[in-house]
Amino acid sequence: MGRAAKRVTFCERAAYSCLIIALLLTLCIDDASSQIPRRRPRNDKCPKVRAMRNFGLNAMMGSWYVIQYFASTEMFPEYGCMRGSFVTSDGFVTMNFTYVFLEDPQATFQQGNITWIIPDYAQPAHWVHAESSYEEIYNTYVIDTDYRSWALIMHCAEKTKSQKYLSALMLAREPTLGQNVINFLREKLPRYDIDVENMFPIPQDNCTRMGVDAYAYYAYNTS
């Protein structure tokens, strides 16, 4: 009888120990799972952007070099020698631009243009794409500029059947921009859902063909 009683006590203690270990393991698993970062839900809405206040539209016009760019659809640098020239007339803003593909051994200049309307002249730093080929509303904002040397603009499009499209351009009047200014401008972008790790520099060297600059070749406004 004594041995049987001891055997029962031992079994009970073993059962209690197993129960405690199981509970501890459950708590550890729950704690670990709570620390695993969950995938952020996809946000298809454009961020709320406050365009630059007291913006001088005419002072923004003229030629710019694109120093860095971001596009939510691109994970690797693709462009070089990207430059643009802004003009405005009758409530419209147009940017003519040239660029080359980095993988093109001939570095052939490509050209294009974008035209915006200014929906509200009380907010001239907010533009909307005028071309009907753009799906949905494609907003462009001048985030900040000193007009003389640097500017930062971003675009956002909300699309019906796909995730929003974001892009940003860091502009300069000269082919280079100081690192302190670059850092200053990059710090403005994460609040607008832009991943600065994918904000790529655009080479601006060896950007002449046939002995002339792309601006002159395409007769872009350089005033």
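Look up a bit, the structure's there.
Residues numbered from 1 in each chain as written. Predicted model: local features only at pLDDT ≥ 70, side-chain atom pairs only at ≥ 80, totals over all residues. Heavy atoms only, no water.

Draft legend 1. Representation of the pairing of strand β1 (residues 62–71). Taken across its 10 residues, β1 has 10 buried, putting it largely inside the fold. Relative to strand β2 (residues 79–89), β1 is paired through four bridges, and the arrangement is antiparallel. Of the residues in β2, the one forming a bridge with Ser63 is Ser85. Sheet analysis places β1 next to strand β8 (residues 165–172), joined by six bridges and oriented antiparallel. (Buried < 20%, exposed > 50% of the residue type's maximum accessible area, 1.4 Å probe, protein only. Helix = DSSP H or I, 4+ residues; strand = E, 2+ residues; numbered from the N terminus. Pairing = 2+ DSSP bridges.)

Draft legend 2. View of helix α3 (residues 179–186). Among the residues of α3, Val181, Ile182 and Leu185 are the ones counted as buried. In a view along the axis of α3, the buried residues occupy a sector of 100°, so they form one face of it. In this fold, the buried residues of α3 make contact with β1, β7 (150–157) and β8. (Arc of directions from axis to C-beta. Contact = heavy atoms within 4.5 Å.)

Draft legend 3. Summary view of the state of the cysteines. Applying the stated rule across the entire model yields two disulfides. Residue pairing for Cys46: its cysteine sulfur links by disulfide to Cys156, the two sulfurs lying 2.0 Å apart. Note on the Cys46 and Cys156 pair: the S-S dihedral is about -95°, so by sign convention the disulfide is left-handed. On the criterion of sequence distance, the pair formed by Cys46 in the loop between α1 (2–35) and α2 (57–60) and Cys156 in strand β7 is long-range, its members being 110 residues apart. Since its relative accessible area comes to 18%, Cys46 is described here as buried. Here Cys81 is linked by a disulfide to Cys207, with a sulfur-sulfur distance of 2.0 Å. The sign of the -85° torsion about the S-S bond sets the Cys81-Cys207 disulfide as left-handed. Pair noted here: Cys81 is in strand β2 and Cys207 is in the loop between β9 (200–201) and β10 (208–209), with a separation of 126 residues, a long-range link. For Cys81, a relative accessible area of 4% translates into the label buried. Disulfide partners in the chain, listed by the sequence order of the bonded cysteines, are 1-3, 2-4. (Disulfide = S-S within 2.5 Å.)

Draft legend 4. Up close: the layout of surface pockets. Quantified by volume, the second largest pocket comes out at close to 420 Å³. Residue lining of the second largest pocket: 22 residues in total, with Met82, Phe97, Ile114, Tyr165 and Leu169 positioned closest to the centre. Elements represented by at least two residues in the lining of the second largest pocket include exactly β1, β2, β3 (92–101) and β8. Each residue belonging to the lining of the second largest pocket can be placed in one class, and the counts come to 15 nonpolar, five polar and two charged. (1 Å grid on protein atoms, 1.4 Å probe; cavity = no way out; pocket = protein on both sides within 12 Å on 5 of 7 lines; lining within 4 Å. Points joined across faces, edges and corners; volume = space filled by probe spheres on them. Nonpolar A, V, L, I, M, F, W, Y, C, P; charged D, E, K, R; others polar.)

Draft legend 5. Geometry of the side chain of Gln68. Mapped onto the fold, Gln68 is located in strand β1. There is a polar contact of 2.9 Å between the side chain of Gln68 and the side chain of Arg186. Apart from residues no more than four positions distant in its own chain, Gln68 is found in contact with Ala168, Leu169, Met170, Ile182, Arg186, Met199, Phe200, Pro201 and Ile202. (Polar contact = N/O pair within 3.5 Å; in protein donor to acceptor, adjacent residues only side chain to side chain.)

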